[in-house]
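# Notes for the structure review
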Amino acid sequence: MKARRLGPLLIAVGAIVVWLSSRATWVVAASEDDKAGSAANDIIGSAWSLEIMALTLVLVAGAVAGMALRRVGRRVVGIVCALAAAASAWTPVSLLTAGADAERAQKILQGASANENAVDSAQISDWATVVSTEVHSLGPILALIGAAAALFGAVMLARNPGVDKAKASSKYETPAARQAKLEEDLETSSDSGRVMWDALDSDIDPTDMDKK
C-alpha cells in the first residue's frame, strides 16, 4: 500500500484508539466526605485530559483530508496531524511518569456535573476531599499506542505525500484546443484507431491531414 494511503489510514486508526482510550478509567481517586463517607471515584480519560477529544477530531479530519487533498495539501495535513498526535501523548506520558495529582482530581470530580466530557466519571460534593489517587495504566497506555500510530502515519504522509494524478482532459476544453490536440495526435499517431475516431467525432477529416 502506498504511503499516501497508508499514512491517512494509520492516522484514522490512531484516532480511533485514542478515542477508545478516552472512555476508559485513567485515575481512581479516594475521597472522604463527612456526610457520605469514603468513596472510590473513577475519572475517565476525556475528563482527565480535556484536550484529547479535540485532538482526536483533528486526527479524524486529517485522515479524511489526507486522502482527498492534492500533494501539497497532504503534506501540510501530515505536519498538522503529527503535531496533534504528539500533543495527545503529552498527558498520558505525564500521568504514567509523574502520577495523578490529588488536587487536580478533586477539581475534576467536583466540576464533573458541568463537564460534558466527564459524563461517565463520578462526582463528589464541594466539601469532600480527595485523599489519594491511583493511576489505571491501561487507558493512558492505549492512548499512547493510538498517538504513536497516528504520529507514524502523519510523518509518513508528510515525508511521502505521493504524486498527483495527471489531470484528465476537461470536457470543457475549448473546441480550438481539442482540434489542435487532435491534429497533433494525427501527425504523431495517424495509425491509431482511437485518434481516427476522435478526429471523425470532431468533424476532422483524417485524410486531409494525410495530404498535408
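Residues numbered from 1 in each chain as written. Predicted model: local features only at pLDDT ≥ 70, side-chain atom pairs only at ≥ 80, totals over all residues. Heavy atoms only, no water.

- In the annotation of an unreviewed UniProt entry, the entry for the protein reads Trp region conserved hypothetical membrane protein, and the organism field reads Corynebacterium pseudogenitalium ATCC 33035.

## Topic: a nonpolar patch on the surface
- Taken together, the side chains of Val58, Val72, Val76 and Val80 make up a nonpolar region of the molecular surface, amounting to roughly 320 Å² of accessible area.
- In terms of residue count, the dominant contributor to the nonpolar patch is helix α4 (residues 71-98) (3 residues).
- For Val58, a relative accessible area of 34% translates into the label partly exposed. (Patch = residues over 30% accessible without salt bridge, like charges linked within 9 Å, V, L, I, M, F, W, Y side chains within 5 Å. Areas by Shrake-Rupley, 256 points an atom, 1.4 Å probe, with all protein chains shown as cover. Salt bridge = Lys/Arg side-chain N within 4 Å of Asp/Glu carboxyl O. Helix = DSSP H or I, 4+ residues; strand = E, 2+ residues; numbered from the N terminus. Buried < 20%, exposed > 50% of the residue type's maximum accessible area, 1.4 Å probe, protein only.)

## A word on the environment of Trp19
- Its place among the elements puts Trp19 in helix α1 (residues 3-22).
- Along the primary structure Trp19 and Leu142 are separated by 123 residues, whereas in three dimensions their C-alpha atoms are 9.5 Å apart.
- Residue contacts for Trp19: discarding those within four places in its chain leaves Met53 and Thr56. (Contact = heavy atoms within 4.5 Å.)

## With respect to the packing of aromatic side chains
- Per the counting criterion, the structure on display carries 0 aromatic pairs.
- Its end group placed over the ring of Trp48, Arg104 keeps NZ or CZ at 4.5 Å from the ring centre. (Phe/Tyr/Trp six-rings, centres within 6.5 Å; stacked < 30°, edge-to-face > 60°. Lys NZ or Arg CZ within 6 Å of the ring centre and 35° of its normal.)

## Describing the confidence of the model for the protein
- With 70% of its residues at a pLDDT of 70 or more, the protein shows a mean pLDDT of 81.
- Model confidence for the protein, summarised as mean pLDDT per element, is weakest for helix α9 (residues 206-211) at 53 and strongest for helix α6 (residues 138-159) at 96. (pLDDT = per-residue confidence, 0-100.)

## Let's talk about the sheet that holds strand β3 (residues 129-135)
- A sheet is described by the order of its strands in space; here 3 strands give the open sequence β2-β1-β3, paired in antiparallel fashion. Each edge of the open sheet carries a strand with a single partner, namely β2 (37-44) and β3. Looking at each pair of strands side by side, their axes are set apart by 25° on average, direction ignored.
- As paired strands, strand β1 (residues 25-33) and β2 are joined by 8 bridges and run antiparallel to one another. (Pairing = 2+ DSSP bridges. Axes fitted to C-alpha atoms, helices over the stretch in contact; angles between N-to-C directions.)

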